[in-house]
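Residue-level structural notes
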Amino acid sequence: MENVLRPLIVFGGAIVLAFAIAWGVDRLLRRIDARHPETPLWGLLRSGRVPLQAVVFVALLNVFYDQAEIARSYRPTVNLWLHIILIAATAWLVLRVLAAVVETTTARYAGVAHDPARARRVKTQLTLIQRLVTTVVVVIAASAILLQFPAMRTLGTSMLASAGVLGIVAGIAAQATLGNLFAGLSIAFGDMVRIGDEVVVDGELGTVDEITVSYLVLRTWDERRITMPVSYFTSKPFENWSRGGPQMTGTVLLQLDHSAPVAEIRRRTEELVRANDYWDGRSWSLVVTDATHTTIEVRAAVSARTSDDLWTLRCNLREQLLDWLRREHPYALPGIRLSSAGDPPGPYSDSSSDNGHLEGRNNRSGRLS
């Protein structure tokens, strides 16, 4: 009878005590969370209840296993597996606590930061730190598990003398990986690029969607995902449109005839820009930037709050200016000129000039590229 009661008491007591400790910690976290609703940390820490139960149960079982007086001949094997489970459960618990702390810090900083760029920088740094610490914890846990096997300890001792050579070989073999690792840390703490930044890389415009210690994911405007090594951003130039603020200035280029009324186009541009909701009110201008023997180049520069607003503003302004020119000043659109260069735009007195002007307008309506 005693041979049956001892194992039941040991295993049952360990299970009951593990559940009781985990339940008590969960209740305590719930009360703290109710008293401090401004921070989600205590509620998030409750996700570690299961790994905490596993750690407490295995630790108690490891301490009181001898009291059960069962399978004494298998004690080394049981100890081995208890240590392995304890290491894995501890690593699991550490990762749950780390995730809760990182998520809480990110949410709290995003709520109090007045600068969105600074909030994105903190989020990028915390994300990379979390992934780096996760990698370290997993590697340490795996190494500790492997060292529980006697064969692995013997192998480690025999290879200790050649550790220097192996370190050099491993460093050469993992040169690219280590380069990406240090590049990721440089990006996180050097404020070079952050999650949510709009960047132009190799002619591709996109938003930084994810940053890890080895690669970066860029989401383009057409929902494609471009994965790039983080070392690219420390070795090659790229454009960061979000650095220093999201506001931008863009241009609208028009190729027009030499007879185009630039002053009227400038007044019309001001009317259209000021009436557009995507203009941020900072600046606008219209100037002639180039001239050839057939056309002149007119450039309208406008500012907007974000790159998306700027794109829409440029498209609207280009469309509205072209529509206005077609209606009010069709002669200003480039085409094949058949009338003499000295003739002013508008109705002509003689029939030959009228025919030439009408033919020129017909040609302009079919605009040459």
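Before going into details, it helps to say that this report is about the structure given with it. (Residues numbered from 1 in each chain as written. Predicted model: local features only at pLDDT ≥ 70, side-chain atom pairs only at ≥ 80, totals over all residues. Heavy atoms only, no water.)

**Observations concerning the overall build of the protein chain**
- Secondary structure summary: the protein chain contains twelve helices and eight strands in total.
- Burial statistics for the protein chain: of 369 residues in total, 32% are counted as buried.
- Long-range pairs, those at least 24 residues apart, make up 64% of the contacts in the protein chain with a sequence separation of at least 6. (Helix = DSSP H or I, 4+ residues; strand = E, 2+ residues; numbered from the N terminus. Buried < 20%, exposed > 50% of the residue type's maximum accessible area, 1.4 Å probe, protein only. Contact = heavy atoms within 4.5 Å.)

**Things to note about the sheet that holds strand β3 (residues 215–220)**
- Sheet architecture is open: five strands sit in the order β4-β3-β2-β1-β5, paired in antiparallel fashion. Of all strands in the sheet, those bounded by a partner on one side alone are β4 (225–229) and β5 (239–240).
- Here strand β1 (residues 198–201) pairs with strand β2 (residues 204–211) via four bridges, running antiparallel. Across the sheet, V201 pairs through a bridge with E204, a residue of β2. (Pairing = 2+ DSSP bridges.)

**Quick word on a nonpolar patch on the surface**
- A contiguous nonpolar patch, built from L17, I21 and V25 and spanning about 210 Å² of accessible area, is present on the exposed surface.
- Checked against the element boundaries, L17 lands in helix α1 (residues 2–35).
- Residue L17 is classed as partly exposed on the basis of its relative accessible area of 41%. (Patch = residues over 30% accessible without salt bridge, like charges linked within 9 Å, V, L, I, M, F, W, Y side chains within 5 Å. Areas by Shrake-Rupley, 256 points an atom, 1.4 Å probe, with all protein chains shown as cover. Salt bridge = Lys/Arg side-chain N within 4 Å of Asp/Glu carboxyl O.)

**Here's the deal with the nonpolar core**
- In terms of nonpolar packing, the biggest core is built from 26 residues, with L256, I265, L317 and L325 touching the most fellow members.
- Counting residues per element, this core draws most heavily on helix α11 (residues 307–328), which supplies seven residues.
- Ranked by size, the runner-up nonpolar core spans 13 residues in total, among them I195, V201, L216 and L218. (Core = buried A, V, L, I, M, F, W, Y, C linked by side-chain atoms within 4.5 Å.)

**Observations regarding the environment of R194**
- Position of R194 among the secondary structure elements: in the loop between α8 (175–190) and β1.
- A relative accessible area of 6% means that R194 is categorised as buried.
- In this structure the C-alpha to C-alpha distance between R194 and T124, which are 70 residues apart in sequence, comes to 5.7 Å.

**Overview of the sheet that holds strand β8 (residues 296–304)**
- With antiparallel pairing, three strands are arranged side by side in an open sheet as β6-β8-β7. Both outer strands of the open sheet, β6 (248–256) and β7 (279–291), are each paired with one neighbouring strand and no more. Looking at each pair of strands side by side, their axes are set apart by 20° on average, direction ignored.
- Inspection of the sheet shows β7 paired to β8 by eight bridges, in the antiparallel sense. Looking at the pairing, W279 lines up with A304 of β8.
- Packing against the sheet, helix α10 (residues 262–275) makes contact with β6, β7 and β8, and its axis sits at approximately 160° to β7. (Axes fitted to C-alpha atoms, helices over the stretch in contact; angles between N-to-C directions.)

**Quick notes on the side chain of H329**
- Along the chain, H329 turns up in the loop between α11 and α12 (351–365).
- Apart from the residues within four sequence positions on either side, H329 is in contact with P261, E264 and W324.

**Quick notes on the pairing of β4**
- Strand direction decides the pairing type here: β3 and β4, joined by five bridges, are antiparallel. In the strand pairing of β4, L218 is matched with I226.
- Linkage of β3 to β4, two consecutive antiparallel strands, is achieved through a turn of four residues, within which E223 is found at a positive phi near 70°.

**Let's talk about unusual backbone geometry**
- If you check the backbone angles, D202 has positive phi at about 50° while not being a glycine.
- Locating D202 in the fold gives a position in the loop between β1 and β2.
- Backbone geometry at E223 places phi at a positive 70°, although glycine is not the residue there.
- Relative to the helices and strands, E223 resides in the loop between β3 and β4.

**Overview of the side chain of N276**
- Looking at where N276 falls in the secondary structure, it is placed in the loop between α10 and β7.
- The class of N276 is buried, set by a relative accessible area of 11%.
- Within the structure, N276 has its side chain in polar contact with the backbone nitrogen of Y278 (distance 2.9 Å). (Polar contact = N/O pair within 3.5 Å; in protein donor to acceptor, adjacent residues only side chain to side chain.)

**Things to note about the pattern of salt bridges**
- The full count for this structure, using the stated rule, is 14 salt bridges.
- Residue R225 pairs with D209 through a salt bridge whose shortest N-O separation is 3.9 Å. In this pair, R225 sits in strand β4 while D209 sits in strand β2, placing the two residues 16 residues apart along the sequence.
- Using a relative accessible area of 45% as the deciding quantity, one classes R225 as partly exposed.
- Classification of D209 by relative accessible area gives partly exposed; the value is 34%.
- With its nearest N and O atoms 3.1 Å apart, the salt bridge here joins R327 to D323. Remark: D323 and R327 occur in helix α11; sequence separation between them is four residues, near one turn of the helix.

**Focus on the environment of A91**
- Along the chain, A91 turns up in helix α4 (residues 75–112).
- With 40 residues separating them in the primary sequence, A91 and P51 have C-alpha atoms 8.8 Å apart.
- The contacts of A91, once residues within four sequence positions are left out, are V137 and A141.

**Regarding α11**
- Counted at 1.5 Å a residue, the expected span for α11 with its 22 residues is 32 Å, and the 31 Å between its end C-alpha atoms agrees.
- Looking only at α11, the buried set comprises S307, D309, L310, L313, L317, L321, L322, W324 and L325.
- Where α11 is buried, its residues touch β1, β6, α10, β7 and β8. (Expected span 1.5 Å × (residues − 1).)

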